[in-house]
Amino acid sequence: MARRVRLAIIGAGTAGLTALKEAQRITPDVVLINDGPYGTTCARVGCMPSKALLASAHAFHDRAFLAEAGVRGTEALSVDMSAVLERVRSLRDRFIAGPIRLAESLGERNLRGRPRFLDPHTLELGGERIEAEATVIATGSRPVLPEPWRQLGKRVLTSDDIFEQEDLLPRVAVVGLGAVGAELGQALAQLGLHVSGFTLTETVAGLTDPQVSQALIRCLRADMQVFTGTEVHLEPADYNAVHVRTGDRTMEVDWVLASLGRRPNIEGLGLENLDVEFDGQGIPVFDSTTRRLGKHPIYIAGDVNGERPVLHEAADDGRIAAYFALHPDAQCLTRRTALGIVFTTPNAARVGQSYAELDHEHIVVGEADFSRQGRALMAGRNAGCLRVYAATADARLLGAEMAAPEGEHLAHLLAWVIQQGLTVDEVLQLPFYHPVVEEGLRSALQAARRELGQHRRTPDLPLCEEPVDWALGK
Ligand SMILES: Cc1cc2nc3c(=O)[nH]c(=O)nc-3n(C[C@H](O)[C@H](O)[C@H](O)COP(=O)(O)OP(=O)(O)OC[C@H]3O[C@@H](n4cnc5c(N)ncnc54)[C@H](O)[C@@H]3O)c2cc1C
Ligand SMILES: NC(=O)c1ccc[n+]([C@@H]2O[C@H](COP(=O)([O-])OP(=O)(O)OC[C@H]3O[C@@H](n4cnc5c(N)ncnc54)[C@H](O)[C@@H]3O)[C@@H](O)[C@H]2O)c1
């Protein structure tokens, strides 16, 4: 006998659990099916442990600023790497507790294993059949690790294993300087390891604007070696070391952090039993509004769909998928403005349309340099730059990229005004306090206005509804 349910959710990560909460507003008739550890990638091996490691790293790194700021005794500070990693795990355990409790609260509706579609309405799970009116696939992604690198065993770690280590040997190659490699590479370097970072692309940390990326690379180079546009080959060396070969250079390291990107967990779901199309990356083609696979009652949410692999988007995807799966008369929903932040110092961020996505013929760029920005200078964080992109046609802000102090906050402000459809002038009419890093954002906006060839006819203040009396000759 098959178990019949209104909604089956495959994957108990952020997208799956958010789909669950959205679905529970409508029906209790939901099963959650998860294979692998519970607790979500973000809380277990992703966002949270990486930021906990960065917190220790930044704190230790600040000793140089403390000394410059007149605080004495900083030369006595040192890092106890085992204690750092222990703290990361203890915070991790707190963060995963909530997601685990949520899954367990389902009781016998929380199922373990890897289900397979037999047809669009039927899943097979460990010999049992589940007939679901609709299904949400939210199986996430996993780190890319080439097979020959696996043969090197524990000498090659990914973000899945690094936080489990009791200690870390001093010489490390970080291969891949996207978001994961830039954050973890800088964290390890600031904690005192000798880090050499390599990446295939010319830009790092998910940035696409070469000038912003160069500004970040200059900052990273204060802590670690950075080689861009470089393909890496790994070979085993004596005493459990690894040879990192790039062109005709060979470097010996104790271990390697492979941060080459992530691959969607799409295999084994039996999608070949359904009439679905796949794109060039092997991801089933889905509707960008509903996340639905063709006409099937199947929705795909979170990292597994490869579209916006960050936490808040995975959560939105889960909400969207459950909403459309359970509302035949659903309203159209649009996406929030794209926002990606990488927590290096300075923070790297991309907001709205990236530099690579924009048509350069039809935009102007306004730039601010943080090396002389007042507030950043006081805090010893005066490095990096911010570039805003505005449409030539109507001066609307379209996007921004930055490697900037307090970039996580500047990026939010920009995302909010871009989502509101504001123009450069309209943003300049908003309040800017003094002295704050937001004044750097104002400089970039003023530069964009100059590039637009616009001249201010009034001071940068909101206009009254009515003209003032004297202007009317009264
Ligand atoms: C090191 C690192 C740092 C990150 N930092 C940030 C950050 O600072 N900010 C940010 O926004 N994002 C960050 N991310 C990205 C963020 O973690 C992901 O976008 C988010 O966790 C994706 O959630 P998800 O629900 O799609 O997948 P997951 O949370 O991975 O959930 C997928 C679930 O499905 C299960 N599963 C897999 N295959 C099957 C199957 N066949 N059957 C059943 N179950 C299956 C898995 O075990 C898992 O429980 C980071 C990622 C990493 C790796
Ligand atoms: N703060 C954040 O929001 C945050 C932090 C970490 C991860 N994430 C998410 O996790 C996802 C995965 O991050 P990631 O950094 O693993 O992937 P990524 O795709 O962002 O970067 C992978 C990098 O590896 C490089 N690379 C690939 N193969 C290589 C090779 N053979 N040799 C040298 N370099 C190679 C690529 O050039 C690329 O720069 C990201 O898309 C991001 O959305 C987000």
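Residues numbered from 1 in each chain as written. Chains lettered and ligands numbered in written order. Predicted model: local features only at pLDDT ≥ 70, side-chain atom pairs only at ≥ 80, totals over all residues. Heavy atoms only, no water.

Here we look at the environment of Glu235
This is how the line gets drawn: Helix and strand definitions here come from DSSP, where helices need a minimum of 4 consecutive H or I residues and strands a minimum of 2 consecutive E residues; each element is numbered from the N-terminal end. Summary of the burial criterion: residues with accessible area below 20% of their type's maximum are buried, those above 50% are exposed, and those between are partly exposed, where the area comes from a 1.4 Å probe applied to protein chains only.
Positionally, Glu235 belongs in strand E12 (residues 233-236). Exposure remark for Glu235: the relative accessible area of 30% places this residue in the partly exposed category. Expressed as a C-alpha distance, the spacing of Glu235 and Trp149, which sit 86 residues apart in the sequence, is 8.4 Å.

Let's talk about the UniProt feature "binding site: NAD(+)" (unreviewed entry) in the protein
So the rule is basically this: UniProt positions are given in the numbering used here, feature names are shortened, and annotations may be inferred rather than shown by experiment. In what follows, residue pairs with any heavy atoms lying within 4.5 Å of each other are defined as contacts.
Per the UniProt record, "binding site: NAD(+)" (unreviewed entry) is found at Gly176, Leu177, Gly178, Ala179, Val180, Gly181, Ala182, Glu183 and Gly261. Over a stretch of 86 residues, the named residues converge on one spot in the fold, their C-alpha atoms separated by at most 13.3 Å. For Leu177, a relative accessible area of 1% gives the class buried. Those residues in contact with Leu177, other than ones at most four positions away along the chain, are Ala182, Gly197, Phe198, Thr199, Val204, Ala205, Met224 and Val226. Locating Gly181 in the fold gives a position in helix H7 (residues 179-190). Among the residues examined, Gly181 registers a relative accessible area of 0% and is labelled buried. Residues within four places of Gly181 in sequence aside, it is in contact with Val174, Gly176, Gln186 and Ser259.

Examining the site of ligand 2
The cut-off we apply is this: We call a residue near a molecule or strand as soon as one heavy atom of that residue lies within 4 Å of the molecule or strand. Polar contacts, as used here, are pairs of N or O atoms within 3.5 Å; protein pairs need one atom able to donate a hydrogen and one able to accept it. Residues neighboring in sequence count only if both atoms are side-chain atoms. Computed with the Shrake-Rupley method and a 1.4 Å probe, the accessible areas treat only the protein chains shown as cover for residues. Classification used: nonpolar for Ala, Val, Leu, Ile, Met, Phe, Trp, Tyr, Cys and Pro, charged for Asp, Glu, Lys and Arg, polar for all others including Gly.
Lining the immediate surroundings of ligand 2 are 20 residues, of which Ala179, Val180, Glu183, Pro309 and Ile341 lie closest. In the model, an oxygen atom of ligand 2 is placed 3.5 Å from a nitrogen or oxygen of the Ser259 main chain. Between ligand 2 and Gly261 there is a distance of 3.3 Å, counted from an oxygen atom to a backbone nitrogen or oxygen. Calculation on ligand 2 without its partners gives an accessible area of 840 Å², and the protein chains cover 74% of this total. Of all the secondary-structure elements, those providing two or more residues to the shell around ligand 2 are H7 and strand E18 (339-342). Counting residues per element, the shell around ligand 2 draws most heavily on H7, at 3 residues. Of the residues in the shell around ligand 2, the class split is 10 nonpolar, 7 polar and 3 charged.

A word on the state of the cysteines
Rule in force here: Any pair of cysteine sulfurs within 2.5 Å is marked as a disulfide.
This model, assessed by the stated rule, comprises 1 disulfide. Covalently, Cys42 is tied to Cys47 through a disulfide, its sulfur atoms 2.3 Å apart. Given an S-S torsion of about -135 degrees, the disulfide between Cys42 and Cys47 has left-handed geometry. Of the residues examined, Cys42 reaches a relative accessible area of 13% and is grouped as buried. When its relative accessible area of 26% is taken as the criterion, Cys47 is described as partly exposed. With no disulfide of its own, Cys219 lies closest to Cys385 among cysteine sulfurs, the gap being 9.1 Å.

Let's talk about the sheet that holds strand E13 (residues 242-246)
Filter applied, for reference: At least two bridges found by DSSP between two strands is the condition for calling them paired. Fitted lines through C-alpha atoms serve as axes, helices being fitted only where they are in contact, and the angles separating the N-to-C directions of these axes extend from 0 to 180 degrees.
An order of E12-E13-E14 is seen for the 3 strands of this open sheet, with the pairing classed as antiparallel. The open sheet terminates on both sides in strands that have one partner only, identified here as E12 and strand E14 (249-253). The sheet shows a mean angle of 25 degrees between the axes of neighbouring strands, taken without regard to direction. Judged from the 5 bridges that link them, E13 and E14 form a sheet pairing that is antiparallel. Within E14, the residue paired with Val244 across the bridge is Met251.

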